[in-house]
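Now for the letters of each chain:
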Amino acid sequence: MSTINKNATQIVATVVSNKRVGQYHQLIINIGELAALCKPGNFVAINVGGENSRMILRRAFAISRVSTNTISGGTLELIVAPHGQGSRWLCSQSEGSTLDIVVPLGTAFGIPTEPVQALLVGGGYGSAPLFGLAEVLNAKGCRVDMLLGASTASKIYAPMEGKRAVNSLRIYTEDGSMGQSGRVTEPIKALIEDMNIAVIYSCGPMAMLSAIDAITRGTHVVHQCAVEESMACGIGICMTCVLPVADESGNIFMLRSCIDGPVMDGSFVQWDKVGEVL
Ligand SMILES: Cc1cc2nc3c(=O)[nH]c(=O)nc-3n(C[C@H](O)[C@H](O)[C@H](O)COP(=O)(O)OP(=O)(O)OC[C@H]3O[C@@H](n4cnc5c(N)ncnc54)[C@H](O)[C@@H]3O)c2cc1C
Ligand code: FES
């Protein structure tokens, strides 16, 4: 049975900057030497609401990128969509505010030992952890192509500096306001046929992850996806985040996406049974 990420530590961290980027906020948070322990795929759990209106449950956010060579020692970047009460509170925190944060949590994307062709697929703010991942894959000598999709242009997060880590970047919006019109999953089948893709890394809405699984099933392509199941504790206690998965013999059991994930092998997830109590 898995246990909480052994590097997880609860700290009070300072917000270094908070910038609006399209419909998102880019938050840079000083986490000191813990930055060296964060890997692409890991997430953080933040106590939201402040002293006077603290909400019971922490909120989970994917670590977008880390920097270990800042004056303060280390920082991490989050890309936050101001959605409900908790994320709106987080987006309202200004430079110098402090946050009660547990970092790092969850599993990380597996990195190939040999240079391979990798396709990265991100939906909405799901693109955030993929740029940090692209940098790691690039350093391994992998060819890295990226597809980003969202309903509309302002929901695409594609930082200029992040683009340097990828060989190609294609953008898809459902309303055609940026890049090509349509869903980000549309070109994947042809790309698998035309290129020698060994692994797809994906992060975004569950429907997108499930659609990618349907395309890769029965092919040689490994699909590593970062699932986003609702999480209450984030540390393996409450079972809120369980997902049905099958082992190689077809036995179905539930895994906690906070400690057995969020990164999982997409071919084991029973996408049609997500949300059911088995
Ligand atoms: C692994 C993972 C990674 C994620 N990464 C990102 C990311 O990179 N960027 C991003 O923007 N979002 C991310 N999310 C989503 C994020 O965790 C939040 O769900 C989202 O920001 C909405 O939270 P909210 O508080 O704004 O919305 P709400 O709808 O207010 O709350 C979200 C959840 O908290 C519960 N809740 C609401 N109010 C309270 C309360 N008072 N006390 C206790 N619980 C309450 C709700 O029932 C709901 O389940 C991620 C989620 C997961 C699981
Ligand atoms: S969120 Fe509580 S067990 Fe995963």
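What you are looking at is a predicted structure, and each value in this text was computed from that prediction instead of being measured.

1. Describing the overall build of the protein
When its secondary structure is counted, the protein shows five helices and 16 strands. The globule rule puts the C-alpha radius of gyration for 278 residues at 19 Å, and the 18 Å found for the protein is close to it. Seen along its three principal axes, the alpha-carbon backbone of the protein occupies a region of about 55 × 45 × 35 Å. Counting across all 278 residues of the protein, residues that qualify as buried make up 44%. Summarising the internal contacts of the protein: among those between residues at least 6 apart in sequence, 65% fall at separations of at least 24.

2. What about the domain arrangement of the protein?
Entries for the protein in the domain assignment read domain 1 (9-105) and domain 2 (117-273). The distance between the C-alpha centroids of domain 1 and domain 2 comes to 22 Å. With 20 residues of domain 1 in contact, the opposing surface of domain 2 contributes 19 residues. Secondary-structure elements contributing two or more residues to the side of domain 1 that touches domain 2 are strand S3 (43-46), strand S4 (59-62), strand S5 (65-67) and strand S7 (98-105).

3. A short note on the site of ligand 1
Around ligand 1 sit 23 residues in total, of which Met-55, Ala-60, Gly-84, Gly-86 and Ser-87 are the nearest. Contributing elements (two or more residues each) for the shell around ligand 1: S4, strand S6 (75-80) and helix H1 (85-91). Taken together, the residues of the shell around ligand 1 break down into 14 nonpolar, six polar and three charged. For the shell around ligand 1, the two domains that each supply at least three residues are domain 1 (9-105) and domain 2 (117-273).

4. Concerning helix H2 (residues 128-139)
Where H2 is concerned, the buried positions are Ala-128, Pro-129, Leu-130, Phe-131, Gly-132, Leu-133, Ala-134 and Leu-137. Once H2 finishes, Gly-141 follows within two positions and takes phi at roughly 90°, a positive value.

5. A closer look at the nonpolar core
Membership of the largest hydrophobic core comes to 79 residues, with the highest contact counts inside it found for Val-44, Leu-76, Val-103, Leu-120 and Ala-134. When residues of this core are assigned to their parent elements, the largest contribution, six residues, is made by H2. Counting contributing residues, this core receives three or more from each of domain 1 (9-105) and domain 2 (117-273).

6. So, the pairing of S3
Of the two faces of S3, the one carrying Phe-43 and Ala-45 and the one carrying Val-44 and Ile-46 are both buried. Pairing of S3 with S4 involves four bridges; the strand directions are antiparallel. Among the inter-strand pairings, Ala-45 is bridged to a residue of S4, identified as Ala-60. As paired elements, S3 and S7 share three bridges and run antiparallel to each other. Directly across from Ala-45, in S7, lies its bridge partner Val-102.

7. What to know about the sheet that holds S5
Strands in a sheet are paired, the pairing made by backbone hydrogen bonds, and the direction either parallel or antiparallel. Ordered by their spatial adjacency, seven strands build an open sheet running S4-S3-S7-S1-S2-S6-S5, and the pairing between neighbours is antiparallel. The sheet is open, and its two edges are formed by S4 and S5, each paired on a single side. Mean inter-strand twist for the sheet, computed between neighbouring axes without regard to direction, equals 35°. Inspection of the sheet shows strand S2 (residues 24-30) paired to S6 by six bridges, in the antiparallel sense. Its bridge partner lying in S6, Leu-27 is registered against Leu-78. Its contacts with the sheet place H2 against S4, S5 and S6, and it is angled at close to 55° to S5.

8. Concerning the sheet that holds strand S16 (residues 263-265)
Here seven strands make up an open sheet; going across it, the order is S11-S10-S9-S8-S12-S13-S16 and the pairing mixed. The sheet is open, and its two edges are formed by strand S11 (180-181) and S16, each paired on a single side.

9. A few points about the pairing of strand S14 (residues 242-246)
Alternating residues of S14 divide into Leu-243 and Val-245, all buried, and Val-242, Pro-244 and Ala-246, none buried. Relative to strand S15 (residues 252-256), S14 runs antiparallel, the two sharing five bridges. Considered in S15, the bridge of Ala-246 is made with Ile-252. Counted along the chain from S14 to the antiparallel partner S15, the turn is five residues long, and its residue Gly-250 has a positive phi close to 90°.

The rules behind each value
- Residues numbered from 1 in each chain as written.
- Chains lettered and ligands numbered in written order.
- Predicted model: local features only at pLDDT ≥ 70, side-chain atom pairs only at ≥ 80, totals over all residues.
- Helix = DSSP H or I, 4+ residues; strand = E, 2+ residues; numbered from the N terminus.
- Rg over C-alpha atoms; globule rule 2.2 N^0.38 Å.
- Buried ≥ 20, exposed ≤ 12 C-beta atoms within 10 Å, placed from the backbone.
- Contact = placed C-beta atoms within 7 Å.
- Domains from an automatic or database assignment.
- Near = placed C-beta within 6 Å.
- Nonpolar A, V, L, I, M, F, W, Y, C, P; charged D, E, K, R; others polar.
- Core = buried A, V, L, I, M, F, W, Y, C linked by C-beta atoms within 7 Å.
- Pairing = 2+ DSSP bridges.
- Axes fitted to C-alpha atoms, helices over the stretch in contact; angles between N-to-C directions.

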